[in-house]
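Take a look at the letters that make up each chain.
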Amino acid sequence: MEIRKVTALYFSPTGGTAAYAEAVASALAAEHETVDLTGPEAREKEYRFGGDELVIIGAPVYAGRLPPVKGLLTNLHGCRTPAVYLVSYGNRAFDDALLEEKELCDARGFIGIAASAWIAPHTFSAKIGAGRPDEADRAKVRAFAEKVRDILRGELRGTSVSVPGGHPYCPVKRMPFHPEGSEACVRCGRCAAVCPVRAISRSAPEKTDAEKCIDCLACVRVCSVRARNVYRPPLAQIGAGCEAHFLTPRKEPEFFF
């Protein structure tokens, strides 16, 4: 089939999913569009795609599920639009997240022609998944894109790709800790600007709305004075616990067609 336009859409607070979604899009089309759904303003817009377009849809895995963000993909609308479903995770498992993404998007008029799960740096550890995507991952991106290209040379099937996962989905797990600001906070507002769920107030950036926070730690990474962190328990302690279980062995991407 003839594809008129390729678009990569992704929710990616710390950049791991974005790296893979953009790499796949670039491997498929030198000229493509990107839509970053990380900011709440972007998710509030409506996005519509036709049957002659290809959409790459990416999201990170949070404890085996899609991020618990209200309306994460609800404003995407396809019309028998071929789609590539993509998740990234921190070397543990993607559990039901890819199935959840596929079923949400299938219900919105997309037809999954391929799906994939990739390893990205872990939210709570600088060691798990460090440096990924690396050259080996990039080579697999190219191989994955070539297979997608082969599928597009044929006729679009009426059924979507099958992916692992089960029903009911594993329960949504909310972390019992959240990042906070210390006395070193200079109220620059950068943390509030990058928060994908408006859990940080510009007028009181040292605080975090625990009901909204999804523990993506984008605010911790963007703080130029290192005033923002997880203090109870310390983030280093959380990371060490994750490293004891998920640092090795190295997991490789998985593809589904």
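Above this note sits the structure.
Presented here is a report on the structure given in the accompanying data block. (Residues numbered from 1 in each chain as written. Predicted model: local features only at pLDDT ≥ 70, side-chain atom pairs only at ≥ 80, totals over all residues. Heavy atoms only, no water.)

Here we come to unusual backbone geometry. In this model, His-167 is joined to Pro-168 through a cis peptide bond whose omega is -5 degrees. Structurally, the position occupied by Pro-168 is in the loop between helix H4 (135–152) and strand E8 (180–181). For the peptide bond that leads from Arg-232 to Pro-233, omega is -5 degrees, which places it in the cis range. Looking at where Pro-233 falls in the secondary structure, it is placed in the loop between strand E9 (228–229) and helix H7 (235–246). For Ala-63, which is not glycine, the phi torsion reads 55 degrees and is therefore positive. Tracing the sequence through the fold places Ala-63 in the loop between strand E4 (53–60) and strand E5 (76–77). A residue is classified by how much of its surface remains accessible, and Ala-63, at 34% relative accessible area, is partly exposed. (Helix = DSSP H or I, 4+ residues; strand = E, 2+ residues; numbered from the N terminus. Buried < 20%, exposed > 50% of the residue type's maximum accessible area, 1.4 Å probe, protein only.)

The next subject is the packing of aromatic side chains. Summed over all chains, the structure comprises 10 aromatic pairs. A ring pair is formed by Phe-49 and Phe-110, whose centres lie 6.2 Å apart and whose planes are at 50 degrees; its orientation type is tilted. You can see Phe-49 sitting in the loop between strand E3 (47–48) and E4 and its partner Phe-110 sitting in strand E7 (residues 110–119), a full 61 residues away along the chain. Under the relative-accessibility criterion, Phe-49 is labelled buried at 9%. When the ring of Phe-255 is compared with that of Phe-257, the centres are 6.3 Å apart and the planes differ by 65 degrees; the resulting orientation is edge-to-face. Here the guanidinium or amino end of Lys-147 rests over the ring plane of Phe-257, the centre of that ring lying 5.8 Å away. (Phe/Tyr/Trp six-rings, centres within 6.5 Å; stacked < 30°, edge-to-face > 60°. Lys NZ or Arg CZ within 6 Å of the ring centre and 35° of its normal.)

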